[in-house]
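Each chain is listed here by its residues.
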Amino acid sequence: MNHNGNQIEARLWAAADELRANSKLKSSEYSVPVLGLVFLRYADHKFQTAAMELTGTGGGRRKIGPADYQARGVLYLPEAARFSALIKLPEGSNIGAAINDAMRAIEADNPDLKGVLPKTYNRFENALLKELLKTMNSVPMDIEGDAFGKIYEYFLGHFAMSEGQKGGEFFTPTAIVQLIVGIIEPFHGRIFDPACGSGGMFVQSARFVEERKKNPGAELSIYGQERVAETVRLNKMNLAVHGLAGDIRQGNSYYEDLHRSTGKFDFVMANPPFNVNRVDKDRLKDDPRFPFGLPRTDNANYIWIQLFHSALSDTGRGGFVMANSASDARGSELDIRKQLIEAHAVDVMVAVGSNFFYTVTLPCTLWFFDNSKRKTDRADKVLFIDARHLYRQIDRAHRDWTPAQIEFLANIARFYRGEEPENLHGSFELLTENFGKKPKYADVAGLCKVATLNEIESQGWSLNPGRYVGVADRTEDDFDFNERLGELNEELEVLNVEARELEERIAENVVKLLEKE
């Protein structure tokens, strides 16, 4: 039976969140152990399924053992580490210690998970753990597909929302990741995320491959780097519950290139922190990852942009989230951007509206590189898409895209590249509405525009989609005062924030100039 995934995820979250509300734990203390229980339940589900399949396959003196499970891609679980054993623990037993021991036993039998699983359950009260185990035990055993992966992802997203700014450091909204994946199309090859957080880019890449009836484990090799140790652990558990494996290492990507990334990867995807200052550029002076020079301003946006570009192979594609201000930045950042454009690396730019992220209301821009375009008729062109007016309102403060909207935006890029559009998620109606009954690429005012390098130069090498795409014509009947007022208010908010950022940067620069005198 295929149970309704959304109902399971929402019901589990509601139960787990209510338990936290009645405990003395902060969200940050609660999140990783609860995600560990999702992992434990998943591992038990896979183990029990494999155990049934293996029954009767032993013979003579040979007994079924850990190697038989591992050969099937299933974690071997010693008796004490099985969820089915933990759920039967009597009321008076020390459940926290038992779960900690279970996690240690799993790591001992599965070296890839060494140091990854949480072991802080002794901080939880027995009654709370008992209820959490019961909640996780309510997941039906006959669920199909990637159900546990979706539960883990759902929990990650909601914990990110409840943890505020810290949550934004490890979780990128799924719709944003799906659009990046839809445009770079990672069918086969090596994927790298040097700011990999909890691994959403890898999970969605695998889902993209699966949707096209291929085996992600055979098609994709996963490489990641992440600064925060706890987030590395979240990432590895996330990969495990999705049946994936990868080489995820802990390190600061500004100063450490742990995968020797230059020119190595077929795909690079990332959501780096925006507008970081105080990066020690003296340590980066001779680093080959910055062939276009280092920005003089105290802002790491163009350090990240070059990290992504330098990691791509000669035919590699990259997609990443970036602060809006980077598209129009001046001075040394403009010099770097001009060199990237003249190197024919920049392929697509997408403007995203506000309220897509859980922790900030600011809009952002998605950048896409494609090194293979140099030998095509797209060499001297860039596609600009303005997706700010396309969204689904989730609640008052949050928006995302529907699967059809994501596919529609990715199809615009496919048209531009001369590829066939896809219709796996019902985007055809949007395509015909915007590109006619026999849709093919055309510039559409307010939506998309292909600009030449000469046009980009005439705009001061700006990569801001709004400068090229223009504004859609609106008829009187089209006009909705409240909607328009809301849009103008959002735009005003964005401009106010950018103005404040500029004020701060000007003030910092004035202080530096005065200090030199």
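Reading the values: the criteria
- Residues numbered from 1 in each chain as written.
- Predicted model: local features only at pLDDT ≥ 70, side-chain atom pairs only at ≥ 80, totals over all residues.
- Heavy atoms only, no water.
- Core = buried A, V, L, I, M, F, W, Y, C linked by side-chain atoms within 4.5 Å.
- Buried < 20%, exposed > 50% of the residue type's maximum accessible area, 1.4 Å probe, protein only.
- Helix = DSSP H or I, 4+ residues; strand = E, 2+ residues; numbered from the N terminus.
- Contact = heavy atoms within 4.5 Å.
- Salt bridge = Lys/Arg side-chain N within 4 Å of Asp/Glu carboxyl O.
- Pairing = 2+ DSSP bridges.
- Axes fitted to C-alpha atoms, helices over the stretch in contact; angles between N-to-C directions.

### With respect to the nonpolar core
Working step 1: By size, the foremost hydrophobic cluster in this structure holds 55 residues, and its most contacted members are Tyr30, Ile99, Leu132, Phe155 and Met237.
Working step 2: Secondary structure elements with two or more residues in this core: helix H1 (5-21), helix H2 (27-54), helix H4 (83-86), helix H5 (95-109), helix H6 (126-137), helix H7 (147-162) and helix H12 (229-241).
Working step 3: Per-element accounting of this core gives the leading share, 13 residues, to H2.
Working step 4: Setting aside residues no more than four positions away along its own chain, Met237 makes contact with Val32, Leu35, Gly36, Phe39, Val116, Leu117, Pro118 and Tyr152.

### Some points on the pattern of salt bridges
Working step 1: Throughout the structure, instances matching the rule amount to 26 salt bridges.
Working step 2: Here Lys449 and Glu455 are joined by a salt bridge, their closest N and O atoms 3.4 Å apart.
Working step 3: Classification of Glu455 as partly exposed rests on a relative accessible area of 29%.
Working step 4: One continuous salt-bridge network, built from bridges that share partners, spans Glu185, Glu211, Arg212, Arg317, Asp347, Asp370, Lys373, Arg378, Arg414, Arg417, Glu419 and Glu422.

### Quick notes on the sheet that holds strand S2 (residues 220-226)
Working step 1: Pairing is mixed across the open sheet formed by nine strands, whose spatial order is S3-S2-S1-S4-S5-S7-S6-S8-S11. Looking along the sheet, the strands with just one partner apiece sit at the ends: strand S3 (247-250) and strand S11 (448-452). Put simply, the sheet's adjacent strands are angled 15° from each other on average, direction ignored.
Working step 2: Where strand S6 (residues 346-352) meets strand S7 (residues 364-370), six bridges bridge the pair, whose relative direction is antiparallel. Looking across to S7, one finds that Val346 is bridged to Phe369.
Working step 3: Here helix H13 (residues 301-310) sits on the sheet in contact with strand S4 (265-270), strand S5 (312-322) and S7, set at roughly 150° to S5.
Working step 4: The strands touched by helix H15 (residues 403-417) are S5, S6, S7, strand S8 (381-386) and S11; relative to S8, the strand with the most contacts, the crossing angle is about 160°.

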